Amino acid sequence: MTDQDKILSEVTQGDYKYGFFSDIETEIIDRGLNEAVIRTISEKKDEPDFMLEFRLDAFRRWQKMKMPDWAYLKIPPIDFQGISYYAAPKKKPELRSLDEVDPELLETFNKLGIPLEEQKHLAGVAVDAVLDSVSVKTTFKEVLAEQGIVFCSFSDAVREHPDLVRKYLGQAVPVADNFFAALNSAVFSDGSFCYIPRGVRCPMELSTYFRINSANTGQFERTLIVADDDSYVSYLEGCTAPMRDENQLHAAVVEIIALNRAEVKYSTVQNWYPGDKNGRGGIYNFVTKRGICRGESSKISWTQVETGSAITWKYPSCILIGNHSVGEFNSVAVTNNHQQADTGSKMIHIGKNTKSTIVSKGISAGKSNNSYRGLVKVMPGAENSRNFSQCDSLLLNDTCGAHTFPYIEVGNKSSIVEHEATTSKIGEDQIFYCNQRGIDTEKAISMIVNGYAKEVLNKLPMEFAVEAQKLLQISLEGSVG
Amino acid sequence: MESNMSILIENTDVSLKYAAHYNSVKEVLFRNSAEEMNAHRKKALQDFITQGIPTRKNENYKYTNLQPRFSSEFRYIHEREPAEVDLHAVFRCDVPLLDTHLAFLFNGWFYEDNSKIGELPSGVILDSLENVAHNNPGLIRKYASLAQTEDDPLVALNTAFAKDGYFLYVPENTTVELPVQLINFLQAKESAYVTQRNFIYLEEGAHVKVISCDHTLNLNHYLNNSVTEIFAGPNANLEYYTLQNQHNYTTSLNSVFIHQEKDSKVTTLNSSLHGGLIRNNLKFNMDGENAEAFLYGMAFIDRKQHVDNFTQVIHGKPHCMSNQVYKNVLDDESTGAFTGRIHVVRDAQKTNAFQRNNNILLTDKATMQSKPQLIIDADDVKCSHGATVGQIDEEALFYLRARGIDEAKARLMMMNAFAYEVIQQISIEPLRKRINELVDKRLRGEVARCHDCAYNCEC
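Numbering of residues starts from 1 in each chain and follows the order in which that chain's sequence is written. Each chain is given a letter, starting from A, and each ligand a number, starting from 1, according to the order in which they appear as written. Since the coordinates come from a predicted model, pLDDT governs what is reported: local features require at least 70, and pairs of side-chain atoms require 80 or more to be given and counted, while whole-chain, interface and lining totals use all residues.

**Observations concerning the overall build of chain B**
When helices and strands are counted, chain B shows nine helices and 20 strands. Whereas a compact globule of 459 residues would reach a radius of gyration of roughly 23 Å, chain B reaches 22 Å, a difference of no more than 12%. C-alpha extents for chain B along the principal axes are approximately 70 × 55 × 50 Å. Burial status across chain B gives 51% buried among its 459 residues. A sequence separation of at least 24 residues applies to 84% of the contacts in chain B between residues at least 6 apart. Helix and strand labels come from DSSP, where a helix needs a run of H or I of at least four residues and a strand needs a run of E of at least two; each type is numbered from the N terminus. Between the two quantities, the radius of gyration covers C-alpha atoms and the globule rule is 2.2 Å times the number of residues to the power 0.38. Around each residue's C-beta, the other C-beta atoms within 10 Å are counted; 20 or more make the residue buried, 12 or fewer make it exposed, and counts in between make it partly exposed. All C-beta atoms are placed from the backbone. In this description, a residue-residue contact is defined by the distance between C-beta atoms placed from the backbone, which must lie within 7 Å.

Below, the structure is given as structure tokens:
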């Protein structure tokens, strides 16, 4: 066993540091899924009729759908009747200040490194924390409200801004878009809603933190972001879960709608529990994320750092309808042990002079499989469109796999689409170069991997970039054989 | 929902039609055919029935709709028929100064009077597959071992119907100096469905160049479903050129399977100059260390023509190298597709695998779909793929124009240069020159019809 191998095995045996479980009194409904369950969820949340209709419509369509099997993933059968579709921290009376928040809950978020109160004053980030699919605390709500920004839990939005929700819900991701989106539409319990009014530049980053806590539950949250004309918002999303032996399901939907000249930046650091090193447990992460650049010159950019989950199935997409609109996708996906990831992006060019960029960096270690899958489609009317895609894969040992499945469809002569992909392992000469200069192998690999991912990490907001770099280190230090 | 259902039923219908046809001609298929070939028919048919004629829901045929092509009425040719014309009189190879071992195939059958094969080095066999299967079954014991009927319905259909095609055998350490040229003619009084099955076997150290040309002799509709199995032994060297030049009413479905052993080198080059619907499956299985594979392809299509190239290279052993370059120029309402898969299996270390697909769209109605794929399960590898769809580089165009070359000419120069990257890989000089000329003519729009055909048709 060489030094490198030793370091590799040490690191790959590293524990998941967010694996604690908080003993919070939770209200869980019985397992199983049927119309009655959906009515119960809707009732518990005190929703207007249109929401119930939306859910039931989705459920009826979902029943006719089959789980997709085209991804390069081995998905064990999922018993959709064995999951409880609603788990919420027991409802407390309306809270006026943080002192009234359940101390256990606060402790949970402190452990996660998102002290709500502290962050409120220091970091200047508005946080909406979602525990087991229910939004438990939204900070900075008042400050944002002064500018007319709506940032609240989805349930609050349904109650307080039903018109906005009704107008935009399901626009980017229709109810029956795909199997998991339909499931989410039927049973989603909460999530975040954000509306940036015309001409407003959101003064701080908005952030949602998701955590699955209870056993045998799935998390189905839904995020809807609407950026009105000439507005701007940067949105962050983070997620963790406790360590459990069984697999848990996470099927989220994120919808973004950008109107004229609006810009939305959506950044994710996904760190769901990836399962232990034998591939036991872990989150199944089936997420539908889609943004529509509805207005002219609008821009949506997705940035993601994917390090967690046993299975990741996720394709943040942009539909570029408005002329001159821009879509961006930047991703670092790390898989280790028995993790599987099939992730990438879709860019659909419909408007004229639309532009899109895809940068995907995959890093595979252990016995994992990491795939990029993407579609770039230029419709005949999308004159002078431009796309550039780059997908690089880094293999850290001989038992993992890295795969690339791009789809390119071009329907007119004035557009230019370029795609390139490379796969290789970390250069031994680079490691040797570092060793020569007194940098040990572990640090050298960390440096090289960080350098490799830098292009994407640079796109993250500062707070996130730091966290993402740490995550990369935890997942990968020394993992080269 | 309803339309989906009807597609489903239609598909079953078309597939059933072929299954029913098999049963009705079963006797003819088995008659006069060697045991080696008959042994596979039944299973092949079953595999075909399970898969059916591929629809666009079949991921491998996503961009090529074969349903309407298979729905037409055809006369099926299951027995050797005498050619209506003397092929020697009809055929005039338009590649000047090309000296070859020339053999004809007529509607998928090895021509009876192949008097121009000339003298082959001792031990080399160029004959009809049917003959070899009868007289020397040992030579085709690997028949149908590469072309797996479970994986592709077209292969299954071919294996069920196959009776003849060409057979080429090159013994150990033998070099065939002159290229072997095979002309595949299609001519029937009415629309016809043609099955052709070819087999190339190179022993250790064998060396041969093969040129296969497709031609149509009249304007009837044809559907040609051909399968070629190629075995390259250790240190063997094969160059395999295919020229597709058929009219707009032909459907040409070609599946080529290549098995490579250690130190072998195989180069394939496909040029689609004309054709109605062309689908080329090319599957390499590199099963020995230090094997090298080069895959080149180019297509120049217009009107409503469709070309779909599908390649798959499996790197099964370490230290192999593969390189793919596919280029398409699409005019009018033509549609093109490319799928290229590189699969490096576990422990196939030190693999170098490269792939590139460049496409130029000349009109707004032409479309191109490209699907390059990498599946990599070993780490010490260098693999890359690149795909572009676009136009001629404006800067290069400007460079030429700044030097006094008018725009039309500059464009033509650029297009020729675009194609030349593939053309230059042809090692047979007269052929390279001729193809370069043909491509140039094609790009100028001078040859609107297929090759120098005597029929002044609209295609």
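**Things to note about the nonpolar core**
Structurally, a nonpolar core is described as a collection of buried Ala, Val, Leu, Ile, Met, Phe, Trp, Tyr and Cys residues joined by way of C-beta atoms within 7 Å. Of all hydrophobic cores here, the largest spans 237 residues; its most connected members are A:Ala258, A:Val264, B:Leu105 and B:Leu202. At seven residues, strand 14 (residues 292-301) of chain B tops the list of elements feeding residues into this core. Ignoring anything within four residues of it in the chain, the contact list for A:Val264 reads A:Ile225, A:Ala227, A:Val233, A:Tyr235, A:Ile256, A:Ala258, A:Gly291 and A:Ile300. In terms of nonpolar packing, the next biggest core, distinct from the first, is built from five residues, B:Ile53, B:Tyr61, B:Leu66 and B:Phe70 among them.

**Here's the deal with the pairing of strand 15 (residues 311-314) of chain A**
Residues and elements named next belong to chain A. Side-chain alternation along strand 15 places Ile311 and Trp313 on one buried face and Thr312 and Lys314 on a second face that is also buried. At least two DSSP bridges between two strands are required for those strands to pair. Direction of pairing for strand 13 (residues 282-293) relative to strand 15: parallel, over a ladder of four bridges. Counted as the bridge partner of Tyr284 is Ile311 from strand 15. One ladder, built from four bridges, connects strand 15 with strand 18 (residues 340-343); its direction is parallel.

**A few points about the interface of chain B and chain A**
Contacts between the two partners involve 33 residues from chain B, matched on the other side by 30 residues from chain A. Where the side of chain B that touches chain A is concerned, the elements lending two or more residues are strand 19 (367-376) and strand 20 (381-390) of chain B. Throughout this entry, Asp, Glu, Lys and Arg are counted as charged residues, while Ala, Val, Leu, Ile, Met, Phe, Trp, Tyr, Cys and Pro are counted as nonpolar. The remaining residues, Gly among them, count as polar. Tallied by class, residues from the side of chain B that touches chain A come to 13 nonpolar, 12 polar and eight charged. Across seven bridges, strand 24 (residues 416-425) of chain A lies against strand 20 of chain B in antiparallel orientation.

**As for the packing of helix 2 (residues 35-44) of chain A against helix 3 (residues 49-63) of chain A**
All names here are of chain A. Axes, fitted as lines to C-alpha atoms, cover a helix only where it is in contact. Angles between the N-to-C directions of the axes lie from 0 to 180 degrees. Between helix 2 and helix 3, the shortest axis-to-axis distance is 10 Å and the interhelical angle comes to 155 degrees. By the angle class used here, helix 2 and helix 3 are roughly antiparallel. Taken as a pair, helix 2 and helix 3 cross one another with a handedness that is right-handed. Across the interface between the two elements, Glu35, Ile38, Arg39 and Ser42 of helix 2 pack against Met51, Leu52, Arg55, Leu56 and Phe59 of helix 3. Looking at side-chain class alone, the contact of helix 2 with helix 3 contains five nonpolar, one polar and three charged residues. If an angle is under 35 degrees, it is roughly parallel; if it is over 145, roughly antiparallel; if it lies from 65 to 115, roughly perpendicular; otherwise it is oblique. Left-handed describes a crossing in which the near helix is turned anticlockwise from the far one by less than a right angle; the clockwise case is right-handed.

**Considerations on helix 9 (residues 429-444) of chain B**
Since the α-helix advances by 3.6 residues per turn, residues separated by three or four positions end up pointing in the same direction. Residues and elements named next belong to chain B. The span you would expect from a helix comes to 1.5 Å times its residue count less one. Taking 1.5 Å as the rise per residue, helix 9 with 16 residues should run 22 Å; its terminal C-alpha atoms sit 23 Å apart, in good agreement. Among all positions of helix 9, only Leu431, Ile435, Leu438, Val439, Arg442 and Leu443 are buried. Taken around the axis of helix 9, the buried residues stretch over an arc of 130 degrees, which confines them to a single face. Exposed residues on helix 9 whose side chains face more than 90 degrees from its buried face are Glu429 and Arg444. Elements that come into contact with the buried residues of helix 9 comprise strand 8 (207-216), strand 10 (237-245), strand 12 (265-274), strand 14 and helix 8 (407-423). Just downstream of helix 9, Gly445 is the residue with a positive phi angle, here 85 degrees. The arc under discussion is defined with respect to the helix axis, by the directions toward the C-beta atoms.

**Here we look at the confidence of the model for chain A**
Residues and elements named next belong to chain A. Confidence scores labelled pLDDT are given residue by residue by the predictor and lie between 0 and 100. With 79% of its residues at a pLDDT of at least 70, chain A reaches an overall mean of 81. Segment residues 92-97 is flagged for pLDDT under 50; beyond a separation of four residues in sequence, or across chains, it makes three contacts in the model. Every residue in residues 117-124 scores below 50 in pLDDT, and together they form nine contacts with partners more than four places removed in sequence or on other chains.

**Some thoughts on the pairing of strand 19 (residues 346-349) of chain A**
All names here are of chain A. Here strand 19 shows two buried faces, one formed by Lys346 and Ile348 and the other by Met347 and His349. In the sheet, strand 16 (residues 317-320) pairs with strand 19 via four bridges, with the strands oriented parallel. When the sheet's bridge partners are listed, Ser317 is paired in strand 19 with Lys346. Bridge analysis of strand 19 against strand 21 (residues 369-378) gives four bridges, and the strand direction is parallel. Bridging across to strand 21, Met347 finds its partner in Val376.

**A few points about helix 8 of chain B**
Residue and element names in this part refer to chain B. Its 17 residues give helix 8 an end-to-end C-alpha distance of 24 Å, which sits within 8% of 24 Å, the value for a rise of 1.5 Å per residue. Buried within helix 8 we find Ala410, Met415, Phe418, Ala419, Val422 and Ile423. The elements touched by buried residues of helix 8 are strand 12, strand 14, strand 16 (321-330), strand 18 (351-361), helix 7 (394-402) and helix 9.

**Looking at unusual backbone geometry**
One non-glycine residue, A:Asp46, adopts positive backbone phi at about 60 degrees. Within the secondary structure, A:Asp46 sits in the loop between helix 2 and helix 3. Overall, A:Asp46 belongs to the exposed group, with 10 C-beta atoms counted inside 10 Å. The backbone of B:Asp332 sits at a positive phi, close to 50 degrees, despite the residue not being glycine. Position of B:Asp332 among the secondary structure elements: in the loop between strand 16 and strand 17 (335-344).

**Quick look at the confidence of the model for chain B**
Residues and elements named next belong to chain B. Scored by pLDDT, chain B comes out at a mean of 88, with 94% of its residues at no less than 70. Counted against residues more than four places away or in other chains, residues 1-9, with its pLDDT under 50, gives one contact. In the predicted complex, the global pTM is 0.84; the interface-specific ipTM is 0.80.

**Some details on the packing of helix 10 (residues 428-436) of chain A against helix 11 (residues 441-457) of chain A**
All names here are of chain A. The contact between helix 10 and helix 11 brings their axes to 9 Å, and the two run at 125 degrees. Judged by the inter-axis angle, helix 10 sits oblique to helix 11. Taken as a pair, helix 10 and helix 11 cross one another with a handedness that is right-handed. Side by side, helix 10 and helix 11 meet where Gln430, Ile431, Cys434 and Asn435 of the first sit next to Thr441, Ala444, Ile445, Met447 and Ile448 of the second. In the contact of helix 10 with helix 11, the residues fall into six nonpolar, three polar and no charged.

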